[in-house]
Amino acid sequence: MFSLLTVGSYITQDANWERFLGINWHRILQLTDLREENTIATWFSSILFFCAAASFVLLGWGNDPQFQPLRLHRFIFQLAALATLVLSADEVGSVHETVGTWVDHSAHLLEGTPIYGLGFPWLLSSPFVTAFFAVIVYCVYQQTKVDSMSKRQSIAIRCLLWTAMITLPCVFVFEFIEAYLGYLRQKETFFPVVEEMLELSGMFSLLTANTLLARHFRL
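Every value quoted in this text rests on a predicted model; they were computed, and no experiment measured them.

Cut-offs applied
- Residues numbered from 1 in each chain as written.
- Predicted model: local features only at pLDDT ≥ 70, side-chain atom pairs only at ≥ 80, totals over all residues.
- Heavy atoms only, no water.
- Axes fitted to C-alpha atoms, helices over the stretch in contact; angles between N-to-C directions.
- Helix = DSSP H or I, 4+ residues; strand = E, 2+ residues; numbered from the N terminus.
- Parallel < 35°, antiparallel > 145°, perpendicular 65-115°, else oblique.
- Contact = heavy atoms within 4.5 Å.
- Nonpolar A, V, L, I, M, F, W, Y, C, P; charged D, E, K, R; others polar.
- Expected span 1.5 Å × (residues − 1).
- Buried < 20%, exposed > 50% of the residue type's maximum accessible area, 1.4 Å probe, protein only.
- Arc of directions from axis to C-beta.

(A) Up close: the packing of helix 6 (residues 126-142) against helix 7 (residues 151-183). Axis separation between helix 6 and helix 7 bottoms out at 10 Å; the angle between their running directions is 175 degrees. Considered as vectors, helix 6 and helix 7 are oriented roughly antiparallel to each other. Contacts between helix 6 and helix 7 involve Ser126, Val129, Thr130, Phe133, Ala134, Val137, Val140 and Tyr141 from the first element and Arg158, Leu161, Ala164, Met165, Leu168, Pro169, Phe172 and Phe176 from the second. Of the residues assigned to the contact of helix 6 with helix 7, the class counts are 13 nonpolar, two polar and one charged.

(B) The arrangement of helix 6 in detail. Here helix 6 is 17 residues long and its end C-alpha atoms lie 24 Å apart, about the 24 Å a rise of 1.5 Å per residue gives. Within the sequence span of helix 6, burial applies to Ser126, Phe133, Ile136, Val137, Cys139 and Val140. For helix 6, the arc enclosing every buried residue in end-on projection is 160 degrees, short of the 170-degree limit, so these residues lie on one face. What points out from helix 6, more than 90 degrees from its buried face, is the exposed set Pro127 and Phe128.

(C) Geometry of the environment of Leu160. For Leu160, the position within the fold is in helix 7. Among residues more than four places away in sequence, those in contact with Leu160 are Ser205, Thr208, Ala209 and Leu212.

Structure (structure tokens):
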């Protein structure tokens, strides 16, 4: 729903919609725009990340005789819980943009370009974040290989993991595209809308996969 409302906000941003019934519809849609800060939509996104953190808590600290992941895998789940909790706070606090802006101003990486001071240097961390995420997905995937899990359950969880593995790294791709278009002085493109849609879809898929796994083992 929030993805569709974000699309609506994008469509109406250059339209004079306040003439219809005397209401500024774009201003209303901005309250549900995932691209904006401190809106209903960003709080929803933050809650989604928080729920994902809770699902990793179940996998990282859950105790059941049938659920016996490797010690390393359990440690990875615990790190993932902390990481998604930080991302939850970042959704409403824009921490990574602030850090990126600080790095840009300190190192002058993009000085003299149209995107100087906009926080894009944080994208330098994308290879490391993607690698860590791949490790997380692999560890969750390994838990579906137990004999007690039916083939149908295993396939469902694996499909969700593949969805997350495809969509979430694509967020970085669209961020790079946004930076490039900003460098070309092209603003208000549709790419940030797609980026937010992929982020929600990927995180929801990961949350669902973790929940199904935790439910199976009664964590």
